[in-house]
Amino acid sequence: MSRRKTRPRTSPARAPRTAAPAVTADSPCPCGLDAAYGTCCGRFHAGTAGTAPTAELLMRSRYSAFVVRDEPYLLRTWAPGTRPDGVDFDPGLRWTGLEVESVAHGTPFHQEGTVTFTARYVHGGEAGEMRERSRFARHEGAWVYVDGDVTE
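Residues numbered from 1 in each chain as written. Predicted model: local features only at pLDDT ≥ 70, side-chain atom pairs only at ≥ 80, totals over all residues. Heavy atoms only, no water.

So, about the nonpolar core. In this structure, V87, W95, L98 and F136 are the most contacted members of the largest nonpolar core, which totals 32 residues. At the level of secondary structure, the elements contributing two or more residues to this core comprise α1 (41–46), α2 (55–68), α3 (71–76), β1 (93–105), β2 (112–123), β3 (126–139) and β4 (142–151). At 8 residues, α2 tops the list of elements feeding residues into this core. (Core = buried A, V, L, I, M, F, W, Y, C linked by side-chain atoms within 4.5 Å. Buried < 20%, exposed > 50% of the residue type's maximum accessible area, 1.4 Å probe, protein only. Helix = DSSP H or I, 4+ residues; strand = E, 2+ residues; numbered from the N terminus.)

Next comes the structure, spelled out in structure tokens:
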């Protein structure tokens, strides 16, 4: 999922900030797998489990990073050639669910892979969804997000 900054950064003192949703290590993982956040995507965010071993797990962990607003993880897992300077978290947007539709390649034995998914959200009280076909590649041995084709 790409949410690039489209407006200039403002200083943290003036930037409107909203708290990330309360997700604890024991909460269900936002990515939709049947596991607690701490043992699912949270371990990748914290860096305690190395890197995601497949493109699909990287995509799921990046979705969860959007949910919990973990900008450092998102930037760390973005391909250097397409990485933005920062991530613009819309304070009026709340991610509410993820459905992985298809996966091509992206296993520990591949160098590239794609994941097509639908992410549901609520923005300004209105429900919506975003569909993306994301491309992933290996960079220095780790899976990274390259780019994606988005439809809403």
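Structure shown, so let's carry the discussion forward.
Ordered by their spatial adjacency, 4 strands build an open sheet running β1-β2-β3-β4, and the pairing between neighbours is antiparallel. Each end of this open sheet is capped by a strand with a single partner; those strands are β1 and β4. Each strand of the sheet is rotated relative to its neighbour by a mean of 30 degrees, with strand direction disregarded. In terms of strand pairing, β3 meets β4 through 9 bridges, oriented antiparallel. Residue pairing across strands places R135 opposite D147, the latter belonging to β4. (Pairing = 2+ DSSP bridges. Axes fitted to C-alpha atoms, helices over the stretch in contact; angles between N-to-C directions.)

Moving on, we get to the packing of aromatic side chains. A full pass over the atoms with the stated rule returns 6 aromatic pairs. Between the aromatic rings of F66 and W95, the centroid separation amounts to 6.5 Å while the plane-to-plane angle is 70 degrees, which identifies the pairing as edge-to-face. Linking F66 in helix α2 with W95 in strand β1, this pair joins segments that are 29 residues apart in sequence. W95 carries the same exposure label as F66, and that label is buried. For the pair W95 and Y121, a centre-to-centre distance of 5.7 Å together with 75 degrees between the ring planes defines the contact as edge-to-face. Within this pair, whereas W95 is found in strand β1, its partner Y121 is found in strand β2, the two being separated by 26 residues in sequence. Residue classification places Y121 among the buried positions, given a relative accessible area of 14%. Aromatic rings pair up to connect Y63, F66, F89, W95 and Y121 into one cluster. The aromatic ring of W78 is capped on one face by R62, whose charged end is 4.8 Å from the ring centroid. (Phe/Tyr/Trp six-rings, centres within 6.5 Å; stacked < 30°, edge-to-face > 60°. Lys NZ or Arg CZ within 6 Å of the ring centre and 35° of its normal.)

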